[in-house]
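Read off the chains here:
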Amino acid sequence: MEAKDYMKLPYTRLVQEIQDESGHYFYGRILELDGCQSTGDTLEELYENLNEAMEGYLETKLEYGLPVPTPERVGDYSGKFVVRLPKSLHQRLAIEAKNEGVSLNQLALYKLAL
């Protein structure tokens, strides 16, 4: 496969709107392609820059004969995983969830989504 073939695959794009000391911009990355990221002043510019970064990433991998990760499918995941944590952290999170009037699962989901 060539880079253009990989570009057509449904990779997961994560886009964030950023407002910080450097100003307002958009940041994006391809989750399956470690280090493949870019920014843009507008969403359109971000998508152009991210596609350019992705093409360069793929071309480099292929040029050096390195494996290219393929897109992940949501259907490959159950939506459930088990986490072991210290009792003190469990206690703190349970108290926080109770104070917020939500379940521990809802609180954990909120914190993971940040």
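So, how was this worked out
- Residues numbered from 1 in each chain as written.
- Predicted model: local features only at pLDDT ≥ 70, side-chain atom pairs only at ≥ 80, totals over all residues.
- Heavy atoms only, no water.
- Salt bridge = Lys/Arg side-chain N within 4 Å of Asp/Glu carboxyl O.
- Helix = DSSP H or I, 4+ residues; strand = E, 2+ residues; numbered from the N terminus.
- Buried < 20%, exposed > 50% of the residue type's maximum accessible area, 1.4 Å probe, protein only.
- Pairing = 2+ DSSP bridges.
- Expected span 1.5 Å × (residues − 1).
- Core = buried A, V, L, I, M, F, W, Y, C linked by side-chain atoms within 4.5 Å.
- Axes fitted to C-alpha atoms, helices over the stretch in contact; angles between N-to-C directions.
- Contact = heavy atoms within 4.5 Å.

(A) Spotlight on the pattern of salt bridges. Summed over the entire model, instances satisfying the criterion amount to one salt bridge. When the shortest N-O distance is used, the salt bridge between Lys111 and Glu96 registers 3.1 Å. Of this pair, Lys111 sits in helix α4 (residues 104-113) while Glu96 sits in helix α3 (residues 87-100); the two residues are 15 residues apart in sequence, bridging distant segments of the chain. Given the relative accessible area of 27%, Glu96 is considered partly exposed.

(B) Summary view of the pairing of strand β2 (residues 23-30). Across the eight residues of β2, six count as buried, placing the element largely inside the fold. In the sheet, strand β1 (residues 13-20) pairs with β2 via eight bridges, with the strands oriented antiparallel. Residue pairing for β2: Val15 is matched across the bridge by Gly28. Here β1 hands over to β2 after two residues, the two strands then running antiparallel side by side. Looking at chain direction, β2 and strand β3 (residues 37-40) are connected through four bridges and run antiparallel. Looking at β3, one finds that Tyr27 is bridged to Thr39. The turn joining β2 and β3, which pair antiparallel and follow one another in sequence, is formed by six residues; a positive phi near 90 degrees is taken by Gly35.

(C) Broad picture of α3. Taking 1.5 Å as the rise per residue, α3 with 14 residues should run 20 Å; its terminal C-alpha atoms sit 20 Å apart, in good agreement. One or two positions beyond α3, positive phi appears at Gly101, with a value near 75 degrees.

(D) Examining the nonpolar core more closely. Listed in full, the 11 residues of the largest apolar core are Ala3, Tyr6, Tyr11, Ile30, Leu33, Cys36, Leu50, Met54, Tyr57, Leu58 and Val68. In terms of residues, this core owes the most to one element, helix α2 (residues 43-63), which gives four residues.

(E) Fine view of the sheet that holds β1. Within the open sheet, the three strands sit side by side as β1-β2-β3. Their pairing is antiparallel. The sheet is open, and its two borders are formed by β1 and β3, each paired with just one other strand. Each strand axis lies, on average, 25 degrees off the axis of its neighbour in the sheet, ignoring direction. Packing of α2 onto the sheet brings it into contact with β1, β2 and β3, and relative to β3 it is tilted by some 155 degrees.

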